[in-house]
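# Chains, contacts and geometry: an overview
These are the residues of each chain, in order.
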Amino acid sequence: MLIKRREFLKISSLATASLLMPNFLKAMTLDEALPSNQNILVVLQFTGGNDGLNTIIPAKNDIYFRERKTLAIQNSLSLTDEAGINPSLSYFKELFDNGELSVMNNVGYPNPDKSHFRSMDIWQSASRSDEYLDTGWLGRFLDEECYRCEHPTQALEVDDMLSLALKGNNNKAFAFKDPKRLYQTSQEKYFKSLYDHHHDDETVSYLYQTLGSTINNAGYIFDKSKAKKTEQTYPNSQLGKDFKTVASLIKSDINTQVYYLSIGSFDTHVNQNDRQSKLFSDINEAVKSFVADMKSNGLFNNVLLMTFSEFGRRVAQNASNGTDHGTANQMFFISGNLKKKGLLNALPNLQNLNEGDLIYTEDFRKVYATILKNWLKADSSKVLGWKNGVYDFV
């Protein structure tokens, strides 16, 4: 059978996730649910470099207000005597007050890189700044777990393309934007007719095989996504829809332990406050609905939502009412089962800067090691090569 270039590209588009997908995903056709008490990790990536100083605000720090004459947040919501939170994250303030939010300040790594692409690669791969890895920290988690788990550990990303974070040497996550759309596309007559097609060319043959794997598993994901209808109302934003998809899968008996989402762009060089406020409002409302959904279904204690961004911004504002690429930043952790709540460490030291940038005090790889060891019950030293201890907030 001859294949036209346009048809090949269409197949390639559908099979993109599958080309990044492992043999272990075939196990998704098995009706093996996670144990009812299994911990689930949801990662929310703030793409573009979120400004951490206007997220958790040093409300009593004169340097902050001096360096940000027009950008400083004057009406932050009080968390402690020294710290406030951006008013567009009002629900996060509620979580904080309820003991359901932890904040790790000043997270980074040695010799930080201010390139979006390189710094994101470092965060997603958990590499050193002078080290280049082609696997991600969660992908290597899948490699490790799938060799010894009774039920293969699964990971799903709600996006059209798979992030480096979820690519392992042997096992990779599955990326899709909408379960229904993925399923409908996989069921088109043209694609179904290609299922058993064989081709002498090795690359094309592999493409057909991975397409068949997509067709096999698209139905499984779609069935699980609609298994338990939610009564929770989600915002009509893209992030709201993404969280609704994740919630529907968590409530089903799909054997998925890691979910990955992203929102952006936080690259706020110009007119920062309006842009950041809009993004925070979307996050605030989506997370509010998601947490309410988890709580109403008795799942909040088994779900940990973690946020990160590839870097923070510089301490001083620029001439365009924005901020430029910086270094260290904070991370949020949301769950009904946190061991330590609130601010986990001190706010950034604005008196001790490196050429106008924050100097990190907490290594992000130690945070990952904590999540892997304490939450996902994995061997963090094998996944990360990290042997410098962990935190105890989960």
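Residues numbered from 1 in each chain as written. Predicted model: local features only at pLDDT ≥ 70, side-chain atom pairs only at ≥ 80, totals over all residues. Heavy atoms only, no water.

### Some points on the pattern of salt bridges
Tallied over the entire structure, the rule returns 15 salt bridges. Linking Asp97 and Lys93 is a salt bridge whose minimum nitrogen-to-oxygen distance equals 3.2 Å. Highlighted residues: Asp97 and Lys93, both in helix α3 (residues 90-97), separated by 4 residues, approximately one helical turn. On the accessibility criterion, Asp97 (48% relative accessible area) is partly exposed. A salt bridge links Asp242 to Lys177; the shortest N-O distance between them is 3.2 Å. Here the residue Asp242 occupies a position in helix α9 (residues 238-251), and Lys177 occupies one in the loop between β7 (174-176) and α6 (179-186), the gap between them amounting to 65 residues. Via salt bridges that share partners, Lys114, Arg314 and Asp357 belong to a single interconnected network. (Salt bridge = Lys/Arg side-chain N within 4 Å of Asp/Glu carboxyl O. Helix = DSSP H or I, 4+ residues; strand = E, 2+ residues; numbered from the N terminus. Buried < 20%, exposed > 50% of the residue type's maximum accessible area, 1.4 Å probe, protein only.)

### What to know about the environment of Tyr109
Looking at the secondary structure, you find Tyr109 in the loop between β5 (101-108) and α4 (116-125). Remark: the alpha-carbon pair of Tyr109 and Ile359, spanning 250 residues in sequence, is separated by 9.1 Å. Leaving out residues up to four positions away in the same chain, Tyr109 has contacts with Ser119, Ile122, Trp123, Ser129, Tyr360, Asp363 and Phe364. At 3.0 Å, the side chain of Tyr109 forms a polar contact with the backbone nitrogen of Asp113. A polar contact is formed between the side chain of Tyr109 and the side chain of Ser119, at a distance of 3.0 Å. (Contact = heavy atoms within 4.5 Å. Polar contact = N/O pair within 3.5 Å; in protein donor to acceptor, adjacent residues only side chain to side chain.)

### Observations concerning the side chain of Gln276
Here Gln276 is to be found in helix α10 (residues 272-296). Within the structure, the side chain of Gln276 is placed 2.8 Å from the side chain of Asn50, a separation counted as a polar contact. A polar contact of 3.2 Å, which involves the side chain of Gln276, links it to the backbone oxygen of Asp51. Beyond its immediate stretch of four places on either side in the chain, Gln276 contacts Asn50, Asp51, Asn54, Thr55, Asn86 and Phe266.

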